[in-house]
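Given next are the chains, with one letter for each unit.
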Amino acid sequence: MATQEYVDLDRNTLGTDYIPSEPVEFWDANRQFLSAGVDGHERADQLRRQLALGSAIMHSVAEGMYAIDERGRITFVNPAAEALLGSREAELLGREAPAMMPLPDAQCTQILPGPALVEVLRSGLTYRSEHALFTRQDYSVFPVAYSAAPIITDGKVGGAVVAFHDLTEVQRLQRSQEEFLTLLSHDLRTPLAAILGHAQQIERLVEKPGLERVATGVEAILKSGRRLNRLIQDVLDRSRLEAGQALLRLEAVDLVAVLTLSIAENIPAQDRARLEVDAADELPMIADPIHIERVMVNLVTNALKYSQPGSPVVVRAFRTGQHAMVSVADQGVGIDADDVPRLFEKYYRARTAGATQGAGLGLYSSRLIVEAHGGRIWVQSEGGAGSTFWFSLPVSGP
Ligand code: ADP
């Protein structure tokens, strides 16, 4: 079939006076030598080579590609697109493209007033999406990343080319990776709980003069163990929260009490000395204290970790209207403005993190937890000038 089409293209363009009636962008380049006095024979030769090149590219790429005219009718479908869409080119030519239009996409950040292709034809702008769904002729749906670029000649949009690839396999691999991580995290938790439990017992036993070195060692075990515990918890929480399956054990709690306890139980004594806590008397709310504790610990641990040893970290908790606000401010490395919008994404680490260890999961989990409680989390920062992380949660009562 590919050979047949190549021949057709050749036959159409061999005439020496051939001027393409259906304008597409790369023919513009040929106008230059058309007007530069190149003789007819050479002109035809160049055109033929350009078309052969274009055709070879379209037929060899693994990406699905199709073209539409200015009315949205399909004018070309490459073999990869035929395979992905489950239809032969002959069945698709001349049809309107809506069957292949991306469905409305909840995760898409760019908001378009109409279906994406209509908008590309109208605006002449290229459109891309990493999170779209395409429908096949049999109405089955598959996830794709695609870009739709206008074909522009003489300043007018004469059609568009859509290039796409199927994300089914990528998403399947991501899911199995997540499942593996979740299983692994589960299995790691039991031995870790035993290590931490015994280390805590030893910590109590070595609070005697002469055993300071042992006490330092035990504290180091506890510190690393707790860090590992938080990481494991982050992995577990993240997959549950992402799947909307987080089991929030909601109860009436006082946020100030949760804050105080989180610090006392999770932050080592020498780090606690750096903290200045300024909190309201009481902030009653309905929340899951274990999860909220994890947000607090993540933010406070980060503030301590991403600033100079000994520099102060100020934690505030107060009420404005129907919301409790918590802020954690440090004087550390700060975050550059262009990293800020992505900071709460999975695995994202800011450039200012430098060599400081981390996995980029704490803030992501914290966001999922806060949002699951109907709250909001954000940051104010400038590189080198410290950071203030905030989160707000709805309070209960007047
Ligand atoms: P981790 O610290 O394990 O990398 P987080 O999700 O807790 O993961 O944080 C994501 C990134 O945000 C960090 O890698 C760091 O670049 C940045 N960050 C978080 N808290 C601070 C802070 N207080 N000061 C500067 N950068 C921070």
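Details of the structure are given in the entry above.
Keep in mind the model is a prediction, meaning the values are calculated, not measured.

What counts and how
Residues numbered from 1 in each chain as written. Predicted model: local features only at pLDDT ≥ 70, side-chain atom pairs only at ≥ 80, totals over all residues. Heavy atoms only, no water. Helix = DSSP H or I, 4+ residues; strand = E, 2+ residues; numbered from the N terminus. Buried < 20%, exposed > 50% of the residue type's maximum accessible area, 1.4 Å probe, protein only. Pairing = 2+ DSSP bridges. Axes fitted to C-alpha atoms, helices over the stretch in contact; angles between N-to-C directions. Near = heavy atom within 4 Å. Polar contact = N/O pair within 3.5 Å; in protein donor to acceptor, adjacent residues only side chain to side chain. Areas by Shrake-Rupley, 256 points an atom, 1.4 Å probe, with all protein chains shown as cover. Nonpolar A, V, L, I, M, F, W, Y, C, P; charged D, E, K, R; others polar. Salt bridge = Lys/Arg side-chain N within 4 Å of Asp/Glu carboxyl O. Core = buried A, V, L, I, M, F, W, Y, C linked by side-chain atoms within 4.5 Å. Contact = heavy atoms within 4.5 Å.

Draft legend 1. Unusual backbone geometry, seen in detail. The phi torsion at Asp 154 lies on the positive side, around 50°, for a residue other than glycine. As for its placement among the helices and strands, Asp 154 is situated in the loop between strand 4 (141-153) and strand 5 (156-166). Relative accessible area serves as the criterion here: at 63%, Asp 154 is assigned to the exposed category. A positive phi angle, near 65°, is found at Tyr 347, a position not held by glycine. Inspection of the secondary structure puts Tyr 347 in the loop between strand 10 (323-330) and helix 12 (362-372). You can call Tyr 347 partly exposed: its relative accessible area is 42%.

Draft legend 2. Geometry of the sheet that holds strand 1 (residues 64-69). Read across the sheet, 5 strands follow the order 2-1-5-4-3 without closing on themselves; strand pairing throughout is antiparallel. The open sheet terminates on both sides in strands that have one partner only, identified here as strand 2 (74-77) and strand 3 (127-135). Between one strand axis and the next, the sheet turns through 30° on average, direction left out of account. Here 7 bridges tie strand 3 to strand 4, and the two strands are oriented antiparallel to one another. Bridge pairing in strand 4 places Phe 134 opposite Phe 142.

Draft legend 3. Just the site of the ligand, in detail. Surveying the vicinity of the ligand reveals 21 residues, the closest of which are Asn 302, Tyr 306, Asp 330, Arg 349 and Leu 363. Take Tyr 306: an N or O atom from its side chain is 2.6 Å from an oxygen atom of the ligand. Interatomic distance of 3.1 Å between a backbone N/O atom of Gly 360 and an oxygen atom of the ligand. Within the complex, 97% of the 530 Å² of free accessible area of the ligand lies under protein. Breaking the shell around the ligand down by element, the ones donating at least two residues are helix 11 (289-305), helix 12 and strand 12 (387-394). Here the residues of the shell around the ligand are counted per class, giving 12 nonpolar, 6 polar and 3 charged.

Draft legend 4. Representation of the pattern of salt bridges within the structure. Summed over all chains, the structure comprises 9 salt bridges. In this structure, Asp 45 engages Arg 48 in a salt bridge whose closest nitrogen and oxygen atoms are separated by 2.7 Å. With Asp 45 and Arg 48 both in helix 3 (residues 40-60) and 3 residues apart, the pair spans about one turn of that helix. The class for Asp 45 is partly exposed, based on a relative accessible area of 26%. For Arg 48, a relative accessible area of 29% translates into the label partly exposed. A single network of salt bridges, built from pairs that share partners, joins Asp 45, Arg 48 and Arg 49.

Draft legend 5. Spotlight on the sheet that holds strand 7 (residues 275-279). If you trace the 5 strands from one edge of the open sheet to the other, you get 7-9-10-12-11, paired in mixed fashion. Among the strands making up the open sheet, the edge pair consists of strand 7 and strand 11 (376-381). With direction set aside, neighbouring strand axes in the sheet form an average angle of 15°.

Draft legend 6. Region of interest: the nonpolar core. Counting 41 residues, the largest nonpolar core has Leu 255, Met 285, Ile 292, Leu 299, Leu 343, Phe 389 and Phe 391 as its most contacted members. Of all the secondary structure elements, the ones that give two or more residues to this core are helix 9 (255-266), strand 8 (284-287), helix 11, strand 9 (313-320), strand 10, helix 12, strand 11 and strand 12. The leading source of residues in this core is helix 11, at 7 residues. Aside from chain neighbours lying at most four places away, what touches Leu 343 is Ile 335, Tyr 348, Ala 350, Leu 363, Val 379 and Phe 389. Of all hydrophobic cores here, the second largest spans 22 residues; its members include Ala 116, Tyr 127, Phe 134 and Phe 142.

Draft legend 7. Focus on the pairing of strand 12. By the criterion of burial, strand 12 is predominantly enclosed, with 7 of the 8 residues buried. By the bridge criterion, 7 bridges tie strand 10 to strand 12 in an arrangement that is antiparallel. Its bridge partner lying in strand 12, Met 325 is registered against Ser 392. Relative to strand 12, strand 11 is paired through 6 bridges, and the arrangement is antiparallel.

Draft legend 8. Up close: the environment of Pro 394. Topologically, Pro 394 is positioned in strand 12. Pro 394 sits in the partly exposed class, given a relative accessible area of 33%. With 18 residues separating them along the chain, Pro 394 and Arg 376 place their C-alpha atoms 9.6 Å apart. Ignoring any residue separated from it by four or fewer positions in sequence, one finds Pro 394 in contact with Met 285, Gln 322, His 323, His 373, Gly 374 and Gly 375.

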